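Chain by chain, the residues:
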Amino acid sequence: MSFTLINGKFIASIIKEDIKIEVEDLKSKGINPCLAVILAGDNKASEKYVSFKEKTCLELGIKSVIFRLSEGIDEEEIHKLIDELNHNPSINGILVQLPLPRHMNQNNILQKIDPLKDVDGFTPYCLGRLLIDNPLFIPCTPKGIMRLLDAYEIQIEKKHAVVVGRSIIVGKPLSLLLLRRNATVTVCHSKTEGLKEITRKADILCVAVGVPNFITADMVKDGAVIIDIGINVTNYGKVVGDVDFESIKEKASYITPVPGGVGPMTIAMLMENTVYATKLQKGLV
Ligand code: NDP
């Protein structure tokens, strides 16, 4: 069977071009979108993600301010910083890079962010708005996945979508977004029994587990759409997804590569959310 590679890098580049024009337009009105990123601790992967975000902001003309905090910092200090950023009118978006150091309470920190500046969409307010079908900011990775499905005109309605992984960042919001588009959604996790029987029934299979080659060809139905969200670094330093791409691609109708699939969309959606936050705060939407 011949498959179509879902080129997230390309779709993201088109979206970024549009954002760049929008940013220029805002700047011509004296408005400078600005994203604040809080990075606590010395997680190497987080450092890398933050530098990608910083670079993309620069590319699109969005100002970014990075707050690098030590691993041992007191949680109260982060609360105080978020409070200051919430009240600073020149800051439009606030992002706390996850994971946070172990001693911190992630929920307590995230819920401090002003929902109007919650460009990651992880505050209880934004997640609640998504749940009641009236989203404000949608988490970037699931939002990017939906945009990829639409860019390739992949039918969602009436399809059986299986989401493997139930994190707040990916799995849960993604299943809500698929449900909103009238897919029949099954969510799987580490306690799911008979995973293979479930994934084999998926028309659209989305995988966010964080284990290289977790999904193998025998777990996939012929003609399925495969969305690989995983980002894993092998012992040889190679970046791979959660799906055994080489064996599965021949069975798939559409498949995302890693890298170059979902990853670039996540950053593009963050930029889009930052510009939207800016417009919202300036009363332009
Ligand atoms: P989490 O570790 O928060 O969640 C992993 C999920 O996988 C959990 O729900 C867990 O179940 C489930 N899981 C673990 N083992 C199994 C198993 N044997 N069978 C079925 N389900 C299982 O990860 P994230 O959601 O944050 O990230 C997942 C992957 O996506 C990672 O590789 C991450 O790097 C990547 N990622 C990529 C992004 C991108 O932009 N492309 C953005 C964000 C993440 P349980 O809940 O029961 O523990």
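Quick caveat: nothing in here was measured; it's all calculated off a predicted structure.

A few words now on the pattern of salt bridges. Using the criterion set out here, one finds 13 salt bridges in the structure. A salt bridge links Arg-181 to Asp-150; the nearest nitrogen and oxygen atoms lie 2.9 Å apart. Note that Arg-181 is positioned in the loop between helix H7 (171–180) and strand E6 (184–188) and Asp-150 in helix H6 (residues 140–151), a separation of 31 residues in sequence. With a relative accessible area of 34%, Asp-150 lands in the partly exposed category. Through salt bridges with shared partners, a single network forms among Glu-47, Glu-54 and Arg-68.

Right, let's get into the sheet that holds strand E3 (residues 63–69). If you trace the 3 strands from one edge of the open sheet to the other, you get E3-E2-E4, paired in parallel fashion. The open sheet has two edge strands, E3 and strand E4 (93–96), and neither has a second partner. Each neighbouring strand pair of the sheet contributes to a mean axis angle of 15°, computed without reference to strand direction. Where strand E2 (residues 34–40) and E3 come together, 7 bridges link them in parallel fashion. When the bridges of E3 are listed, Ile-38 appears paired with Phe-67. Seen against the sheet, helix H2 (residues 44–60) touches E2, E3 and E4 and runs at an angle of roughly 160° to E3.

So, about the site of the ligand. As a matter of local geometry, the ligand sits amid 19 residues, with Arg-166, Ser-167, Ser-190, Ile-231 and Thr-266 nearest to it. In this structure, an oxygen atom belonging to the ligand sits 2.6 Å away from a side-chain N or O atom of Ser-190. Between Ile-229 and the ligand, the recorded distance is 3.3 Å, taken from a backbone N or O atom to a nitrogen atom. Burial of the ligand by the protein amounts to 69% of the accessible area it has alone, namely 930 Å². When residues in the shell around the ligand are grouped by element, the largest group, 3 residues, is from helix H10 (residues 262–281).

Along strand E7 (residues 204–207), one buried face is formed by Ile-204 and Cys-206 and the opposite face, lined by Leu-205 and Val-207, is buried too. Across 4 bridges, strand E5 (residues 160–164) lies against E7 in parallel orientation. Each residue of the ladder has a partner; that of Ala-161, found in E7, is Ile-204. Bridging between E7 and strand E8 (residues 225–228) involves 4 bridges; their strand directions are parallel. Of the residues in E8, the one forming a bridge with Leu-205 is Ile-226.

All right, on to unusual backbone geometry then. Working note: non-glycine residues mostly have negative phi, and peptide bonds are mostly trans. Between Leu-98 and Pro-99 the backbone carries a cis peptide bond, its omega angle lying at 0°. Within the secondary structure layout, Pro-99 lies in the loop between E4 and helix H4 (106–110). In this model, Val-258 is joined to Pro-259 through a cis peptide bond whose omega is 0°. Of note in the backbone geometry, Asp-133 takes a positive phi value of approximately 65° without being a glycine. On the secondary structure map, Asp-133 appears in the loop between helix H5 (124–131) and H6. Phi at Lys-158 takes a positive value of approximately 70°, unusual for a residue other than glycine. Relative to the helices and strands, Lys-158 is located in the loop between H6 and E5.

As summarised here, the arrangement of the 6 strands in space is E1-E11-E8-E7-E5-E6, forming an open sheet in which the pairing is parallel. Among the strands making up the open sheet, the edge pair consists of strand E1 (4–5) and E6. Across the sheet, H7 is in contact with E5, E6 and E7; its angle to E5 comes to roughly 170°.

Procedures and definitions
- Once a new chain begins, its residue numbering starts again from 1 and follows that chain's sequence as written.
- Given that the model is predicted, a residue must reach a pLDDT of at least 70 before its local features are reported, and side-chain atom pairs must reach 80 or more before they are shown or counted; all residues, however, enter totals for whole chains, interfaces and linings.
- As a rule here, side-chain values come from all non-hydrogen atoms in the structure, and water together with hydrogens is ignored.
- Salt bridges, as used here, are contacts in which a Lys or Arg side-chain nitrogen is within 4 Å of a carboxyl oxygen on Asp or Glu.
- Secondary structure follows DSSP: runs of H or I at least 4 residues long count as helices, runs of E at least 2 residues long count as strands, and numbering of each begins at the N terminus.
- Think of it in three bands: residues with accessible area under 20% of the maximum for their type are buried, residues over 50% are exposed, and the middle band is partly exposed, with areas taken using a 1.4 Å probe on protein chains only.
- Here a strand pair is declared whenever DSSP counts at least two bridges between the two strands.
- Here, axes are lines fitted to C-alpha atoms. For helices the fit covers the stretch in contact, and angles between N-to-C directions go from 0 to 180 degrees.
- Note on definitions: a residue-residue contact is assigned when non-hydrogen atoms from the two residues lie within 4.5 Å.
- A cutoff of 4 Å decides nearness: a residue is near a molecule or strand if any of its heavy atoms lies inside that distance of it.
- Definition of a polar contact: a pair of N or O atoms within 3.5 Å, with one able to donate and the other able to accept a hydrogen when the atoms are protein atoms, and with sequence-neighbouring residues admitted only if both atoms are side-chain atoms.
- Accessible areas in this description were obtained via Shrake-Rupley with a 1.4 Å probe; residue shielding takes into account the shown protein chains only.

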